[in-house]
Amino acid sequence: MEARYTYRLQVSPAQQRALQEVFDSCRFVWNTSLGRWSDLWRYEQVPLGYVSMAAELTDWRGRYEWLAAVPVTPQQQVQRDLDKAVRAFYDKEHPGRRPRFKKKGSHSTASWNVNGFSLRGDRLCGAVKGGRTPLRVVWSRALPSVPKSVTVYRDAAGRWWASFVVRIGPEDLGATGATTGLDVGLARFATTEFADADIPNPRFARQAAKALARSQRNLSRKVKGSHNRAKAKTATAKVAAHTASQRKDWQHKQACKLARRLDRIGVEDLRIKNMVRNRRLSRAISDAGWGDFLSVLAWQARKVGHEVVRLDPRYTTQTCSGCGAKAKHRLGLAERTFWCDGCGLVEDRDRNAARNLNPDRWDKSVRVGQGVDGRKTLVPAGTEAA
Ligand SMILES: [Zn+2]
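Residues numbered from 1 in each chain as written. Predicted model: local features only at pLDDT ≥ 70, side-chain atom pairs only at ≥ 80, totals over all residues.

S.K.: Teacher, can you tell me more about the overall build of the protein here?
M.R.: Across its full length, the protein holds 11 helices and 14 strands. Look at the contacts in the protein between residues 6 or more apart in sequence, and 66% of them connect residues 24 or more apart. (Helix = DSSP H or I, 4+ residues; strand = E, 2+ residues; numbered from the N terminus. Contact = placed C-beta atoms within 7 Å.)

Okay, here's the thing in structure tokens:
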């Protein structure tokens, strides 16, 4: 399987200018190829495939000296990305968004495949003109294997990064014999069947939200187009970038712990949950970042040969995990305790739901023909290399 390993880059002002030229050339190739594609389609109803796009690139590089002066690999990668976006756009089952033109200043990323770069010590070579300007990588941890590709980018906070795609073999942990359901909620981030495996709400989230709101307020007070506004904008982006990396780090740590301990984890299919619940709660669901977390969890589980199973979340809250009877009333969000009139079970509401989501229990219920529809997790393309 593939994983992304991302490192800070130390980039001199001269290198920044050189990289900006690469980014600009990528934007040019994207926009020009996209223009060719829409013209061809509009006037001749002919699709522009990757091969003809690549031929045009060769032509442009012959005509424009500035384009030929920067490495060709990222430009080819841009065309491959565009080709993918166009195919997704025509996909009948899961149509993607129509590819858009990139605005000036909005494109600060470029990718090299294995032929386009090399690593020598702490240097990333080949990224800028003729390999004369190797970029310095801050190796915060070792790469597990030879990378397949690298993406160099500048984030909104102005920091530079190199993100390598590497192959990692799954580590076979073997079976631990433990399975659980996992219920995500507002009171606790996630509840399992084992109290000591529960994940409390992250402490940093509230602070981060406050800090972000503060810097956004500060930004809104600045006059448009002023120097101070530009400064406030960078500050806001820095806060947002910091929060995002904190959250990602936290998610991976929590998911890793769970995935190593449990063979199989049953989770709610949030797509169904979102359809079923009202809009306000749907918003809370996306705010809490559970969808992201579950993707991370699925990836961490696959990494150690374990499994995450997505299940239909309907009735998991109202059903008794002791006897399987369905409670007669719908539990309000404020009711923290589940009780069963049938067998007398009294249990924490989320713990009861977690038990109902245990995939082992689920398979059994499918076998006895209760018609519950369990489906295997499909990790959306691209998320596993997050
Ligand atoms: Zn019961």
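S.K.: When you look at the sheet that holds strand S1 (residues 2-10) in this model, what are you seeing that I'm missing?
M.R.: Within a beta sheet, neighbouring strands are joined by backbone hydrogen bonds and run either parallel or antiparallel to one another. Pairing is antiparallel across the open sheet formed by 7 strands, whose spatial order is S2-S6-S7-S1-S5-S4-S3. Every other strand in the sheet has two partners, leaving strand S2 (109-113) and strand S3 (118-120) as the edge strands with one partner each. This sheet shows a mean twist of 35 degrees between the axes of neighbouring strands, independent of strand direction. The pairing of S2 with strand S6 (residues 149-154) spans 5 bridges and is classified as antiparallel. Paired with Ser-111 across the bridge in S6 is Thr-151. Running over the sheet, helix H1 (residues 13-44) touches S2, strand S5 (135-138) and S6 and is turned about 85 degrees from S2. (Pairing = 2+ DSSP bridges. Axes fitted to C-alpha atoms, helices over the stretch in contact; angles between N-to-C directions.)

S.K.: Can you help me understand the packing of helix H6 (residues 227-261) against helix H9 (residues 290-303) in this one?
M.R.: Working note: a packed helix pair is described by the angle between its axes plus the distance between those axes. Relative orientation of the contacting elements H6 and H9 amounts to 45 degrees, with a least axis distance of 8 Å. Taken together, the axis directions place H6 and H9 in an arrangement best described as oblique. With respect to the hand of their crossing, H6 and H9 are arranged in right-handed fashion. Contact residues: Gln-251, His-252, Ala-255, Cys-256, Leu-258 and Ala-259 in H6; Asp-292, Phe-293, Val-296, Leu-297, Gln-300 and Ala-301 in H9. Grouping the amino acids of the contact of H6 with H9 by side-chain chemistry returns 8 nonpolar, 3 polar and 1 charged. (Parallel < 35°, antiparallel > 145°, perpendicular 65-115°, else oblique. Left-handed = near helix turned anticlockwise from the far one by under 90°. Nonpolar A, V, L, I, M, F, W, Y, C, P; charged D, E, K, R; others polar.)

S.K.: Where do I start with the environment of Gly-158 in this structure?
M.R.: Mapped onto the elements of the fold, Gly-158 is located in the loop between S6 and strand S7 (160-167). Residues Gly-158 and Thr-234, 76 residues apart in the sequence, show an inter-C-alpha distance of 7.7 Å.

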